[in-house]
Amino acid sequence: AVVRDTPHLVIIGISSTGGSPMDELLEHTAGMKSIVDAMNSTHPLIREIAVGVNIMQAQKSIQSWYRSLDQASRSPVALQEKAIDSMKGAVDVLRAHGGQDDLLQYSDFVRSLAMRVARAAREGDILGVGGELVSAGERKFLDRLEALAQ
């Protein structure tokens, strides 16, 4: 489940770094598009993540986890930590039970998804003018993901 759920948690982690509700919508949409696009992957593990039933199970699992949290535990920092912890768990599972190619393909997929989400909306813009393509908070989160994939 951790391998299946991590991409979804990474979307939430990146989206929670800041921005407007419209930014969050654009980011979530970009993230889900990345997951669905994984059905075209040449790697079976990545394709499996994109199977409809697995997407639904991941979302159900994450919704259940989120609803179990009290309001204080729903902070952006807590959501980001959950995503980072999930990535650590997924990497550990793949190191223990998968091949080197599984780990490489999965790590590349999650990092690519995270970058796509981060670039989906400009942070701090006014009607699309100005702002940053990748905010400082998003960059910090991306750097932490990158460190886990090594």
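**Describing the layout of surface pockets**
Phase 1: By volume, the largest pocket amounts to about 330 Å³.
Phase 2: What lines the largest pocket is a set of 14 residues, among which His8, Ile11, Ile12, His28 and Ile62 lie closest to the centre.
Phase 3: Among the secondary structure elements, those contributing two or more residues to the lining of the largest pocket are helix 1 (2-15), helix 2 (21-37) and helix 4 (52-67).
Phase 4: With five residues, helix 4 is the single largest residue contributor to the lining of the largest pocket.
Phase 5: A breakdown of the residues in the lining of the largest pocket according to their chemical character gives seven nonpolar, six polar and one charged.

**Details of a nonpolar patch on the surface**
Phase 1: Taken together, the side chains of Met22, Leu25 and Leu26 present a nonpolar region at the surface, about 290 Å² in accessible area.
Phase 2: Residue placement: Met22 occurs in helix 2.

**Looking at the confidence of the model for the protein**
Phase 1: On average, residues of the protein carry a pLDDT of 91, and 93% of them reach 70 or more.
Phase 2: The secondary structure element of the protein with the lowest average pLDDT is helix 7 (residues 136-149), at 91, and the one with the highest is helix 3 (residues 44-49), at 97.

Calculation criteria
- Residues numbered from 1 in each chain as written.
- Predicted model: local features only at pLDDT ≥ 70, side-chain atom pairs only at ≥ 80, totals over all residues.
- Heavy atoms only, no water.
- 1 Å grid on protein atoms, 1.4 Å probe; cavity = no way out; pocket = protein on both sides within 12 Å on 5 of 7 lines; lining within 4 Å.
- Points joined across faces, edges and corners; volume = space filled by probe spheres on them.
- Helix = DSSP H or I, 4+ residues; strand = E, 2+ residues; numbered from the N terminus.
- Nonpolar A, V, L, I, M, F, W, Y, C, P; charged D, E, K, R; others polar.
- Patch = residues over 30% accessible without salt bridge, like charges linked within 9 Å, V, L, I, M, F, W, Y side chains within 5 Å.
- Areas by Shrake-Rupley, 256 points an atom, 1.4 Å probe, with all protein chains shown as cover.
- Salt bridge = Lys/Arg side-chain N within 4 Å of Asp/Glu carboxyl O.
- pLDDT = per-residue confidence, 0-100.

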